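This is what each chain is made of:
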Amino acid sequence: MLTLISENLIMGHIRLYDMLEKLSSRSSLEREEWHYLLAVTDAHEREILRQKAAEVAVSHFGKGVFVRGLIEISSYCRNNCNYCGIRCGNTFAERYRLTKEQILKCCHQGAALGLNTFVLQGGEDVRQNDEWIRDVVETIHHEFPEKAITLSVGERCEAAYKSFFEAGASRYLLRHETRNDAHYAQLHPSNMSSSNRRACLETLKRIGYQTGSGMMIGSPFQTTQHLVDDMMYLQELQPQMIGVGPFIPAKNTPYAHFDAGCVDLTILVVSLLRLRFPHALIPATTALVSLNPQGRLLAIQAGANVVMPNLTPTEVRDKYSIYNNKKNSGSESAQQLCLLQQSLDAIGYHIDYGRGDYTDKQ
Ligand code: SAH
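Everything numeric in this text was worked out from a predicted model, so none of it was measured.

*Asks:* Quick question: what am I supposed to make of the site of the ligand here?
*Replies:* By nearness alone, 18 residues border the ligand, and Tyr83, Gly122, Arg175, Glu177 and Ile248 come closest of all. A distance of 2.9 Å separates a nitrogen atom of the ligand from a polar atom in the backbone of Tyr83. Residue Glu177 places a side-chain N or O atom 2.6 Å away from an oxygen atom belonging to the ligand. Considered on its own, the ligand offers 550 Å² of accessible surface; in the complex 91% of this is hidden by protein. Placement of the ligand is best described as lying within the largest cavity. Split by residue class, the shell around the ligand holds ten nonpolar, five polar and three charged.

*Asks:* Would you mind going over the side chain of Asn79 with me for this structure?
*Replies:* Within the secondary structure layout, Asn79 lies in the loop between strand 2 (69–74) and helix 4 (100–112). The exposure class of Asn79 is buried, given its relative accessible area of 9%. Once residues lying within four places of it in the same chain are set aside, the contact partners of Asn79 are Arg87, Cys88, Glu124 and Met192.

*Asks:* What should I look at first to understand the layout of surface pockets in this one?
*Replies:* Once rolled over the atoms, a probe with the size of a water molecule shows which space is left empty. Volume-wise, the largest pocket comes out at about 310 Å³. Taken together, the residues that form the lining of the largest pocket break down as five nonpolar, seven polar and six charged. What the second largest pocket holds in volume is close to 160 Å³. Surrounding the second largest pocket, Ala43, Arg46, Glu47, Arg50, Asp264, Ile267, Leu268, Ser271 and Leu298 form its lining. Elements with a minimum of two residues in the lining of the second largest pocket: helix 3 (43–61) and helix 10 (263–276). Residues of the lining of the second largest pocket, tallied by class, amount to four nonpolar, one polar and four charged.

*Asks:* Looking at this structure, I do not really get the sheet that holds strand 7 (residues 241–246). What am I missing?
*Replies:* Strand-to-strand pairing in sheets goes through backbone hydrogen bonds, with the strands running parallel or antiparallel. Within the open sheet, the six strands sit side by side as 2-3-4-5-6-7. Their pairing is parallel. Every other strand in the sheet has two partners, leaving strand 2 and strand 7 as the edge strands with one partner each. Sheet twist, expressed as the mean angle between neighbouring strand axes with direction ignored, is 20°. In the sheet, strand 4 (residues 148–152) pairs with strand 5 (residues 171–173) via two bridges, with the strands oriented parallel. Within strand 5, the residue paired with Leu151 across the bridge is Tyr172.

The rules behind each value
- For every chain, the first residue of the written sequence is number 1, and numbering continues from 1 along that sequence.
- For this predicted model, a pLDDT threshold of at least 70 governs which residues receive local features, and a threshold of 80 or more governs which side-chain atom pairs are given and counted, while totals over whole chains, interfaces and linings are taken from all residues.
- Think of the side-chain values as coming from all heavy atoms in the structure, minus any hydrogens and water.
- For this description, a residue counts as near a given molecule or strand if any of its non-hydrogen atoms is within 4 Å of it.
- Polar contact is defined as a pair of N or O atoms within 3.5 Å, subject to the rule that within protein one atom must be able to donate a hydrogen and the other to accept it, and that residues adjacent in sequence are counted only when both atoms are side-chain atoms.
- Each accessible area value is a Shrake-Rupley result obtained with a 1.4 Å probe; residue values ignore everything except the protein chains displayed when judging cover.
- Method remark: on a 1 Å grid restricted to protein atoms, a set of points is classed as a cavity if a 1.4 Å probe fits but cannot get out and as a pocket if it is open with protein on both sides within 12 Å along at least five of seven lines; lining residues have an atom within 4 Å of a point.
- Molecule-in-pocket calls rest on the fraction of atoms, with more than half required to lie within 2 Å of the cavity or pocket grid points.
- Just so you know the grouping, Ala, Val, Leu, Ile, Met, Phe, Trp, Tyr, Cys and Pro go in nonpolar, Asp, Glu, Lys and Arg go in charged, and all remaining residues, Gly too, go in polar.
- A run of DSSP states H or I qualifies as a helix once it reaches four residues; a run of E qualifies as a strand once it reaches two. Both are numbered from the N-terminal end.
- Only protein chains enter the accessibility calculation, which uses a 1.4 Å probe. A residue is then buried if its area is under 20% of the maximum for its type, exposed if over 50%, and partly exposed in between.
- Two residues qualify as a contact provided that any one of their heavy atoms is within 4.5 Å of a heavy atom in the partner residue.
- Grid points are joined across faces, edges and corners, and a volume is the space filled by probe spheres set on the points.
- Two strands qualify as a pair provided DSSP detects at least 2 bridges between them.
- Axes here mean lines fitted to C-alpha atoms, for a helix over just the part in contact, with angles spanning 0 to 180 degrees between N-to-C directions.

Okay, structure coming up:
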């Protein structure tokens, strides 16, 4: 009996090391291989993956972690995603939209703090239309020609994406959320589709954006097969940035009473992403930190190399409430970078104030 168990254990480890070998050769994994890795529950095996992922990150980026100033420009949204606290159907959500002047003020504050990337994220606010976004990007780019501008303002048409790019935005974040069409349809209203998301992502890449995608971990009805679909899709898309965070229920939404996603599973996914996409920019997401105060450090020690401290004006910050108890103060706040530095120090990492563009040069 005992020998059978230990034989199984050894066989299990052999499979794991085979997978690690395959990952380090940068070849694509098959569905069944992703399934095996995503289903690893043994703490020791997860630790092997985590350590290896951390090594890979350090070999490409050293112990530096890039910082991006996050400006949440509007809590209005025309979409009605079932999981999101600022869905248009949530009549209890508090709404605000920043003016161009307010956004510029945030950028000035961010620049004074030494940040070199501004991320403008918001709901799909019809008042912040394509022309308005283009104008804001152009103005920021004019005032801060050296800084990187990242947009995360949802699904737009190709002409709009092009005009933002020409105005000076060079990065775009748009999570695919889930690659599985049926699962996507469960999470979203019928006027949204997984195929349109993917079409947007392909367009963004084609235009030349450093493109970010990603998914929630533990969203309602998600199975391991869905995560396998996500990994297969990411292999195909080859995004420069990949954001994953646990699902967290948001009050007054259809999923208000679902359980949050699992921090440990999210960390496993971060490790696997780092192993498969060694050069990708992978954030330690706010959702992780919101669920677990150690979340940021756990993610960095599993290969994440970006953090996005919040630069949104403090008087409206709490209104960008995409899920319950979203963290936006302390070391999640751009005004408190010293706290972030201290917490990184404690694990032997530091803030890298560079622009942190994607590069796959060795
Ligand atoms: N409108 C933009 C920004 C959306 S908010 C866009 O569509 O890209 C950024 C991300 O937050 C989303 O892509 C989603 O993955 C995540 N998010 C939304 N609600 C969430 C929740 N309840 N729990 C965890 N993450 C959530």
